[in-house]
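Chains, contacts and geometry: an overview
What follows is the residue order along each chain.
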Amino acid sequence: MTEKASVQTPISTSELHAFLPHRPPMIWIDEVGSSSADGGTCFVTLKREGLYFSEGVLRPTSLIEFLAQGFGYVAAAHKVRCGFSNVPAVQKAFLVAVTQAHFHDLSGAKPGTRLTVTLSDVKQIGPIQLFKGTVSLDTGAILGTANLKVFSE
């Protein structure tokens, strides 16, 4: 996992389920766009029945889950794209810390809206991964940002 990707064909998360412990309905990311050792992008089209909504409104805390899952799927896509598809699946993964979290106006996040999850500055320290993330609308409006620390093995 050393080279950065240029233009990459999107990968559906259904093709990456063997790498992560998440199963429906807890898979919230739809596809991965770009991926590299340093980060990447993934996409979500909000569904009316999505568990990220409460009474039809996107919860701010759902943005944290988009970032955490996005990281896992971007990392899995990068492994596949680099030819490491025989790497064992992550058995345990959980969020250790969230810092510098900022949430903005979420009113534009309605069913049918496509979100972009951008992950950057990935650093690995043993089983801990640190990264920055942004969730935005297709219009570019930022819904939220945060720094996350995730444990996985």
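A short note on the nonpolar core
Phe66, Val117 and Leu143 are the most contacted members of the largest nonpolar core, which has 36 residues in total. Elements with a contribution of two residues or more to this core: β3 (39-45), α1 (60-81), β7 (114-125), β8 (128-137) and β9 (142-152). A per-element tally of this core places α1 first, with 9 residues. Setting aside its immediate chain neighbours within four residues, Phe66 contacts Trp28, Ile29, Val44, Leu46, Tyr52, Leu58, Leu115, Val117 and Val135.

A closer look at the sheet that holds β3
One open sheet holds the 7 strands; their spatial order is β1-β2-β3-β7-β8-β9-β6, and the pairing between them is antiparallel. Each edge of the open sheet carries a strand with a single partner, namely β1 (11-12) and β6 (93-103). Bridge analysis of β8 against β9 gives 9 bridges, and the strand direction is antiparallel. From the neighbouring strand, Ser136 faces β9, where its bridge partner is Ile142. On top of the sheet, α1 reaches β1, β2 (31-36), β3, β6, β7, β8 and β9; it is set at about 65° to β2, its chief contact.

Observations concerning the packing of aromatic side chains
One pass over the full model with this rule turns up 6 aromatic pairs. Plain terms: the ring middles of Trp28 and Tyr52 are 5.2 Å apart, the flat faces sit at 85° to each other, and that makes the pair edge-to-face. Placement of the pair is Trp28 in the loop between β1 and β2 and Tyr52 in the loop between β3 and β4 (53-54), with a sequence separation of 24 residues. In this structure, Trp28 and Tyr52 share a single accessibility class: buried. Ring pairing ties together the aromatic residues Trp28, Tyr52, Phe53 and Phe66, which thus form one cluster. Residue placement shows Arg114 over the ring face of Phe43; its charged tip is 4.1 Å from the ring centre.

Considering the pattern of salt bridges
Under the defined criterion, the tally for this structure stands at 4 salt bridges. Glu153 is the salt-bridge partner of Lys92, the closest N and O atoms lying 3.2 Å from each other. Taken together, the residues Lys92 in the loop between α1 and β6 and Glu153 in the segment after β9 connect sequence positions 61 residues apart. When its relative accessible area of 47% is taken as the criterion, Lys92 is described as partly exposed. In this structure Glu153 comes out as partly exposed when scored by relative accessible area, which is 47%. Linking Lys132 and Asp121 is a salt bridge whose minimum nitrogen-to-oxygen distance equals 3.3 Å.

Description of the environment of Phe53
Among the secondary structure elements, Phe53 is positioned in strand β4. Each C-alpha atom, one on Phe53 and one on Leu20, is 23 Å from the other, the two residues being 33 residues apart in sequence. Setting aside residues up to four positions removed in sequence, Phe53 forms contacts with Leu46, Lys47, Arg48, Leu58, Arg59, Ala109, Lys110 and Pro111.

Things to note about the confidence of the model for the chain
Chain-level pLDDT for the chain is 90 on average; 93% of the residues reach the 70-or-more range. A low-confidence stretch, residues 1-5 (pLDDT under 50), is modelled with 12 contacts involving residues beyond four sequence positions or located in other chains.

Topic: unusual backbone geometry
Positioned with a positive phi, Glu55 is a non-glycine residue whose angle comes to about 55°. Tracing the sequence through the fold places Glu55 in the loop between β4 and β5 (57-58). On the accessibility criterion, Glu55 (83% relative accessible area) is exposed. A positive phi angle, near 50°, is found at Gln100, a position not held by glycine. Relative to the assigned elements, Gln100 resides in strand β6.

Quick notes on the rules
- Residues numbered from 1 in each chain as written.
- Predicted model: local features only at pLDDT ≥ 70, side-chain atom pairs only at ≥ 80, totals over all residues.
- Heavy atoms only, no water.
- Core = buried A, V, L, I, M, F, W, Y, C linked by side-chain atoms within 4.5 Å.
- Buried < 20%, exposed > 50% of the residue type's maximum accessible area, 1.4 Å probe, protein only.
- Helix = DSSP H or I, 4+ residues; strand = E, 2+ residues; numbered from the N terminus.
- Contact = heavy atoms within 4.5 Å.
- Pairing = 2+ DSSP bridges.
- Axes fitted to C-alpha atoms, helices over the stretch in contact; angles between N-to-C directions.
- Phe/Tyr/Trp six-rings, centres within 6.5 Å; stacked < 30°, edge-to-face > 60°.
- Lys NZ or Arg CZ within 6 Å of the ring centre and 35° of its normal.
- Salt bridge = Lys/Arg side-chain N within 4 Å of Asp/Glu carboxyl O.
- pLDDT = per-residue confidence, 0-100.

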